[in-house]
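Structural characterization, general
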Amino acid sequence: MNRFSAVILTAAALAFAVGCGGGSNLGVKEGDKLVVTQTLDRERFEASYGENAKKIDHTDGAIIEIPEGTVLEVFVTPKSDAKIIEVRPVKSKDDAGNDITDEEALKDKFVQERFRTPDFLYYTISLKAEYLGTKVKKID
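My aim in this report is to walk through the structure given alongside it, one point at a time. Keep in mind the model is a prediction, meaning the values are calculated, not measured.

Right, let's get into the overall build of the protein chain. The helix and strand inventory of the protein chain stands at two helices and eight strands. When the elements of the protein chain are put in sequence order from the N terminus, they spell out α-β-β-β-β-β-β-α-β-β. Counting over 140 residues, the protein chain shows a buried share of 29%. Accessible surface, the protein chain as shown: approximately 9,100 Å² in total, 51% of it carbon and sulfur.

Written out as structure tokens, the structure is:
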């Protein structure tokens, strides 16, 4: 009878862990770096506006292109069943092929001028989780 109880308790603990996000995950967490392995033509960025990051008034966004070779940093750890990964670019290339790593220069490259208003706070890019391992690879 003790073996049966142990099996039941183990199964219950496993079910609880999976239900609370303890199951398989996407394999990326906040701060991880990803590299774009092929140009992404139509990805969504979202700009946040307000007084500060704790008091966001509204958001806006558009569709952008992310060139091959761009390095992205995971902005927030996605849930295990997430369909989207929020990222920010940390390295890309300008039109002349020079590396861009400056945050302001990256913002100028990826956020159209009409979105860079005085109350602009920050932006993120939403990537499909299905891109992992194909169009986007984790940098070890």
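Note on placement: Ser-126 falls in strand 7 (residues 120-128). Once you skip the residues sitting within four places of it in the chain, Ser-126 turns out to touch Glu-43, Arg-44, Ile-84, Ile-85 and Glu-86.

This part takes up the pairing of strand 5 (residues 84-93). Every other side chain in a regular strand lies on the same face of the sheet, so the side chains alternate between the two faces. Both strand 4 (residues 71-74) and strand 5 contribute to a ladder of four bridges, which runs antiparallel. Following the sheet pairing, Glu-73 is matched in strand 5 by Arg-88. Pairing between strand 5 and strand 7: four bridges, direction antiparallel. Within strand 7, the position partnered with Ile-85 by the bridge is Leu-127. Of the strand pairs in this sheet, strand 5 and strand 6 (residues 99-100) are connected by two bridges, and their pairing is antiparallel. Across the sheet, Lys-93 pairs through a bridge with Asp-99, a residue of strand 6. Between the end of strand 5 and the start of strand 6, which pair antiparallel, lie five residues, with Gly-97 showing a positive phi angle near 90 degrees.

Below, the discussion takes up the pairing of strand 3 (residues 55-66). Pairing geometry for strand 2 (residues 40-52) and strand 3, over ten bridges, is antiparallel. Its bridge partner lying in strand 3, Glu-46 is registered against Gly-61. Linking strand 2 back to strand 3 in an antiparallel pair, the connection comprises two residues.

Take the nonpolar core next. For soluble globular proteins, the rule of thumb is that nonpolar side chains tend to be buried together. Counting 26 residues, the largest nonpolar core has Leu-40, Phe-45, Ile-66, Val-87, Tyr-123, Ile-125 and Leu-127 as the members making the most contacts within it. Among the secondary structure elements, those contributing two or more residues to this core are strand 1 (33-36), strand 2, strand 3, strand 4, strand 5, helix 2 (103-110) and strand 7.

To continue, consider helix 2. Those residues of helix 2 that fall on the buried side of the exposure criterion are Leu-106, Lys-107 and Phe-110. Seen along its axis, helix 2 keeps its buried residues to an arc of 100 degrees; they face one direction. Among the residues of helix 2, the N-terminal cap falls to Asp-102, whose side-chain oxygen and the backbone nitrogen of Glu-104 are separated by 3.2 Å.

Residue placement: Thr-77 occurs in the loop between strand 4 and strand 5. Residue classification places Thr-77 among the partly exposed positions, given a relative accessible area of 42%. With 46 residues separating them along the chain, Thr-77 and Gly-31 place their C-alpha atoms 8.2 Å apart. Ignoring any residue separated from it by four or fewer positions in sequence, one finds Thr-77 in contact with Val-28, Lys-29 and Glu-30. At 2.8 Å, the side chain of Thr-77 and the backbone nitrogen of Glu-30 are in polar contact.

Counted under the stated rule, the structure contains four aromatic pairs. Ring centres 5.2 Å apart and planes at 90 degrees place the aromatic pair Phe-45 and Phe-115 in the edge-to-face group. Here Phe-115 lies in the loop between helix 2 and strand 7 and Phe-45 lies in strand 2, a separation of 70 residues in the sequence. Phe-45 gets classed as buried once you look at its relative accessible area, which sits at 0%. Among the aromatic residues, ring-to-ring pairing joins Tyr-49, Phe-120 and Tyr-123 into one connected group. Positioned above the aromatic ring of Phe-110 is the side chain of Lys-109, whose terminal nitrogen or guanidinium carbon lies 5.8 Å from the ring centre.

Cut-offs applied
- Residues numbered from 1 in each chain as written.
- Predicted model: local features only at pLDDT ≥ 70, side-chain atom pairs only at ≥ 80, totals over all residues.
- Heavy atoms only, no water.
- Helix = DSSP H or I, 4+ residues; strand = E, 2+ residues; numbered from the N terminus.
- Buried < 20%, exposed > 50% of the residue type's maximum accessible area, 1.4 Å probe, protein only.
- Areas by Shrake-Rupley, 256 points an atom, 1.4 Å probe, with all protein chains shown as cover.
- Contact = heavy atoms within 4.5 Å.
- Pairing = 2+ DSSP bridges.
- Core = buried A, V, L, I, M, F, W, Y, C linked by side-chain atoms within 4.5 Å.
- Arc of directions from axis to C-beta.
- Polar contact = N/O pair within 3.5 Å; in protein donor to acceptor, adjacent residues only side chain to side chain.
- Phe/Tyr/Trp six-rings, centres within 6.5 Å; stacked < 30°, edge-to-face > 60°.
- Lys NZ or Arg CZ within 6 Å of the ring centre and 35° of its normal.

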